[in-house]
Amino acid sequence: RALLCKLLRRSHEETETAYTYFLDKFCVHQRDPTLKQQGVRSFAAFVAASKNLLLLWSPQYFTRLWCTLELAALVKSKSHLSTLPLRIMPLQLAKVSLVSWVCAFLIFTVYQFNKVIGSPLPEVGILAAALLLGGYGWSTALRQYARDRSSVMQSKAMHQQIGSFSVQSAKCTDPRDRTW
């Protein structure tokens, strides 16, 4: 968790713009019930303070209680806006993006390490390895995305879920979550 938060914070250091990320799965304690309850109760405050909400959609999204809570908080806190600051991205596409970022991070790390130790590896070799690694990572992730996706069906499923989801029928990992 700490590494992920550092990477997110560091990615914006050059712009001198402060960004805060709230990743519910990482920011809400999963084992301690008291801390978990405090985290869930703070969803509305985090969502209200946010400029945008990125929803990583999967067919299970609207079946989970916490997800519906986050969307309800967004609608309530941003009701004064003409358009909700909501971006929806299929979870599989987010995985392609993550592979891209990881590949870029690894390549940059190798390049910087090479400079620090006196450049024993030729830059052309690093570039070739980067192209191979990046190409393999991208092609693998894109093939997986294409296999998993059938975008027309997923798009229809998403729209159907948005139109028919119910908080009462949403599931909880822990039955105690529903009592808060």
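These numbers were taken from a predicted model, which means no experiment stands behind them.

Calculation notes
- Residues numbered from 1 in each chain as written.
- Predicted model: local features only at pLDDT ≥ 70, side-chain atom pairs only at ≥ 80, totals over all residues.
- Heavy atoms only, no water.
- pLDDT = per-residue confidence, 0-100.
- Contact = heavy atoms within 4.5 Å.
- Phe/Tyr/Trp six-rings, centres within 6.5 Å; stacked < 30°, edge-to-face > 60°.
- Helix = DSSP H or I, 4+ residues; strand = E, 2+ residues; numbered from the N terminus.
- Buried < 20%, exposed > 50% of the residue type's maximum accessible area, 1.4 Å probe, protein only.
- Core = buried A, V, L, I, M, F, W, Y, C linked by side-chain atoms within 4.5 Å.

**Observations regarding the confidence of the model for the chain**
Then step 1. Averaged over every residue, the pLDDT of the chain is 76; the share at 70 or more is 81%.
Then step 2. Per-residue pLDDT stays below 50 along residues 1-8; that stretch engages in seven contacts with residues further than four places along the chain or on separate chains.

**Focus on the packing of aromatic side chains**
Then step 1. All chains considered together, the criterion is met by two aromatic pairs.
Then step 2. Judged by centre distance (5.7 Å) and plane angle (85 degrees), the ring pair of F43 and W66 falls under edge-to-face. Pair noted here: F43 is in helix 4 (residues 43-49) and W66 is in helix 5 (residues 65-77), with a separation of 23 residues, a long-range link. Residue F43 shares its accessibility class with W66, and that shared class is buried.

**Examining the nonpolar core**
Then step 1. Of all hydrophobic cores here, the largest spans eleven residues; its members are V47, L53, L55, W57, Y61, F62, C67, L71, A73, L74 and M158.
Then step 2. Ranked by the residues each element gives to this core, the list is headed by helix 5, at four residues.
Then step 3. Leave out the neighbours within four places in its chain, and Y61 touches L55, L56, C67, E70 and L71.

**Observations regarding unusual backbone geometry**
Then step 1. At S119, a position not held by glycine, the phi torsion is positive, near 55 degrees.
Then step 2. Secondary-structure assignment places S119 in the loop between helix 6 (91-116) and helix 7 (123-149).
Then step 3. The class of S119 is partly exposed, set by a relative accessible area of 41%.

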